[in-house]
Amino acid sequence: MYEHFFHATEADKDEILALYRSVLGTEGCVWTEQYPTMKEILFDLSRDALLGLRNDKGEIIGVISLDDDEAVKALPCWSGELEPAVEFSRLGVRGDYQNRGIAKKLFAYAMQEAKKKGFQGAHYLVCPTNERAVRAYRKLGFEKVGECEMLGHAYDCYERELSDCKCSENMI
């Protein structure tokens, strides 16, 4: 299966919103009709911070954001040694492509892109009931460093160093 990584553009916004909507209600997903919305997509696009993966038909099968959220940055659990750090957010994989390693590939690509931008560390919040995601992030070298509550949901806080990241072609 041929796959192509890309930086999302304005032309991709509707397809990305449809992907976000398609995962609502899946196990471990706390997203709603109110989040994520076109507002978050446009914010990510304005910063060239929305990365994706297309299948051989050119369809978007997964996306991830290099987010810039002051509330997440301010959480006390993060290691000050890994600054500057990026937050990975809004990871979504189209339902018919789940359980095929797409999330792992998106994370590997996002880690490469974050390293190119000079980030030393990466943060990620995950709903603790999303056991599949928790296992996947641990395999990618993320370590749980704390817990928080945001927007009415409990999250586990994960972090990893990017300078030691082996974001090689065999990961993606």
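Note that the structure is a prediction, hence the values are computed from the model and not measured.

1. Comments concerning the packing of helix 1 (residues 13-22) against helix 2 (residues 38-46)
Thinking step 1. The contact between helix 1 and helix 2 brings their axes to 10 Å, and the two run at 130°. Between helix 1 and helix 2, the interaxial angle falls into the category oblique. As for the relative orientation of helix 1 and helix 2, their crossing is right-handed in sense. Where helix 1 approaches helix 2, its residues Lys13, Asp14, Ile16, Leu17 and Tyr20 are matched on the opposing element by Met38, Ile41, Leu42 and Leu45.
Thinking step 2. Each residue belonging to the contact of helix 1 with helix 2 can be placed in one class, and the counts come to 7 nonpolar, no polar and 2 charged.

2. Thoughts on the packing of aromatic side chains
Thinking step 1. Enumeration over the complete set of coordinates arrives at 9 aromatic pairs.
Thinking step 2. Aromatic pair Phe88 and Phe142: ring centres 6.5 Å apart, planes at 70°, arrangement edge-to-face. Taken as a pair, Phe88 in strand 4 (residues 85-93) and Phe142 in the loop between helix 5 (131-139) and strand 6 (143-150) lie far apart in primary sequence, 54 residues in all.
Thinking step 3. Given a relative accessible area of 2%, Phe142 falls into the buried group.
Thinking step 4. Summarising the aromatic geometry, the rings of Tyr137 and Phe142 are spaced 6.4 Å apart at their centres and angled 65° between planes, so their arrangement reads as edge-to-face.

3. Digging into the confidence of the model for the protein chain
Thinking step 1. When pLDDT is averaged along the protein chain, the result is 90; 94% of the residues meet or exceed 70.
Thinking step 2. Note that pLDDT drops below 50 for residues 168-172; the model gives that stretch 13 contacts with residues more than four away or on any other chain.

4. Quick look at the side chain of Ser65
Thinking step 1. Note on placement: Ser65 falls in strand 3 (residues 60-67).
Thinking step 2. Polar side-chain contacts of Ser65 include one of 3.0 Å to the side chain of Asp44.
Thinking step 3. The contact partners of Ser65, leaving out residues within four places of it in the chain, are Asp44, Arg47, Ala49, Leu50, Glu87, Phe88, Ser89 and Arg90.

5. Section: the pattern of salt bridges
Thinking step 1. Across all of its chains, the model carries 15 salt bridges by this definition.
Thinking step 2. Here Asp44 makes a salt bridge to Arg47, at a shortest N to O gap of 2.8 Å.
Thinking step 3. The buried category is assigned to Asp44, whose relative accessible area is 0%.
Thinking step 4. A relative accessible area of 26% means that Arg47 is categorised as partly exposed.
Thinking step 5. The structure contains a network of salt bridges with shared partners spanning Asp44, Arg47, Asp67 and Arg90.

Criteria and thresholds
Residues numbered from 1 in each chain as written. Predicted model: local features only at pLDDT ≥ 70, side-chain atom pairs only at ≥ 80, totals over all residues. Heavy atoms only, no water. Axes fitted to C-alpha atoms, helices over the stretch in contact; angles between N-to-C directions. Helix = DSSP H or I, 4+ residues; strand = E, 2+ residues; numbered from the N terminus. Parallel < 35°, antiparallel > 145°, perpendicular 65-115°, else oblique. Left-handed = near helix turned anticlockwise from the far one by under 90°. Contact = heavy atoms within 4.5 Å. Nonpolar A, V, L, I, M, F, W, Y, C, P; charged D, E, K, R; others polar. Phe/Tyr/Trp six-rings, centres within 6.5 Å; stacked < 30°, edge-to-face > 60°. Buried < 20%, exposed > 50% of the residue type's maximum accessible area, 1.4 Å probe, protein only. pLDDT = per-residue confidence, 0-100. Polar contact = N/O pair within 3.5 Å; in protein donor to acceptor, adjacent residues only side chain to side chain. Salt bridge = Lys/Arg side-chain N within 4 Å of Asp/Glu carboxyl O.

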